[in-house]
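In case you want the letters, here they are:
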Amino acid sequence: MRKLAVFASGSGSNFEAIVKACKKKLINGEVVFVLYDRKNAFVSERAKRLGIKSIYLNPNDFSSKDAYEDEIIYHLTINKIELVCLAGYMRIISMKLILAYLDRIINIHPSLLPAFKGKDAIADAYNYPVKITGVSVHHVVLEVDGGKIIAQKALIIKKDESLESLTKRIHRIEHQLYPLAINKILEEI
Ligand code: GAR
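None of the values given here were measured: they were computed from a predicted structure.

K.L.:
Hey, could you run me through unusual backbone geometry in this one?
P.N.:
Glycine aside, the phi torsion of most residues is negative, and most peptide linkages are trans. In this chain, Leu 113 is followed by Pro 114 through a cis amide linkage whose omega measures 15°. The residue Pro 114 is located in the loop between strand E5 (105-109) and helix H5 (121-127) in this model. Following Tyr 128, the chain continues into Pro 129 via a peptide bond in cis, with omega recorded as -5°. Relative to the elements of secondary structure, Pro 129 occurs in the loop between H5 and strand E6 (132-139). Residue Asp 103 is not a glycine yet carries a positive backbone phi of 65°.

K.L.:
What is the right way to read the packing of aromatic side chains from this model?
P.N.:
Think of a pair of aromatic rings as described by two things: how far the centres are apart, and how the planes are tilted against each other in angle. Applying the stated criterion across every chain yields a total of four aromatic pairs. On the basis of an interplanar angle of 65° and a centroid distance of 5.3 Å, the ring pair of Phe 7 and Tyr 89 is categorised as edge-to-face. Taken together, the residues span a long stretch of sequence, with Phe 7 in strand E1 (residues 2-8) and Tyr 89 in the loop between strand E4 (83-86) and helix H4 (95-100) at a distance of 82 residues. The pair Phe 7 / Tyr 89 is uniform in exposure class, with both members buried. Plain terms: the ring middles of Phe 116 and Tyr 128 are 5.6 Å apart, the flat faces sit at 70° to each other, and that makes the pair edge-to-face. Within this pair, whereas Phe 116 is found in the loop between E5 and H5, its partner Tyr 128 is found in the loop between H5 and E6, the two being separated by 12 residues in sequence.

K.L.:
When you look at the pairing of strand E2 (residues 29-36) in this model, what are you seeing that I'm missing?
P.N.:
In regular strands, side chains alternate between the two faces of the sheet. Where burial is concerned, most of E2 is hidden: seven out of the eight residues are buried. Bridge analysis of E1 against E2 gives seven bridges, and the strand direction is parallel. The partner of Lys 3 across the bridge, within E2, is Glu 30. Traced from E1 through helix H1 (residues 13-23) to E2, the parallel crossover comes out right-handed. Once you follow E2 into helix H2 (residues 43-50) and on to strand E3 (residues 53-56), the crossover reads as right-handed.

Conventions used here
- Residues numbered from 1 in each chain as written.
- Predicted model: local features only at pLDDT ≥ 70, side-chain atom pairs only at ≥ 80, totals over all residues.
- Heavy atoms only, no water.
- Helix = DSSP H or I, 4+ residues; strand = E, 2+ residues; numbered from the N terminus.
- Phe/Tyr/Trp six-rings, centres within 6.5 Å; stacked < 30°, edge-to-face > 60°.
- Buried < 20%, exposed > 50% of the residue type's maximum accessible area, 1.4 Å probe, protein only.
- Pairing = 2+ DSSP bridges.
- Right-handed = clockwise from strand over helix to strand, strands pointing away.

Shown next, in the form of structure tokens:
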């Protein structure tokens, strides 16, 4: 079984989709732990319910970003993690962690990259307004949302669709696309 870690900052619906896909054997792997950086992140409740170990690391408890990432690398190493899946982890990964896990950190982003990088991609695409948006899974590199694309799925924004409806549809696509992309990457590494 390949060993995965998921990093999240918020709700954790993608984390839950990944765990369920592992249980259904859609992913040839297991989520060993979820790491989160915001104390009240709902992802920790999901982890409890799903029986997955969660690790809370508050960046403010560390003297520097390097020290924070050293601690992350420690947890990844002792748990023999092979792939890190960012899932709504709203923190920029720096050189230290990227080099330690070169080509083994991937991210899901709610737009058709390279369009609408950043933290409000769904609303940015909606307000632009574009007619087609979607979801991308990509490798994580120093440039934010700039790594090689692994998988994408497009979606047509309906006439008069609300932002809430679009957000729901994007999330539904994410929950299907991310497990498929993770399994594909695991076959390659
Ligand atoms: C997801 O839509 C994910 O694509 C997005 O955060 C959401 C997290 O939802 N990530 C980004 O915007 C990264 N730039 P979740 O916590 O329910 O998985």
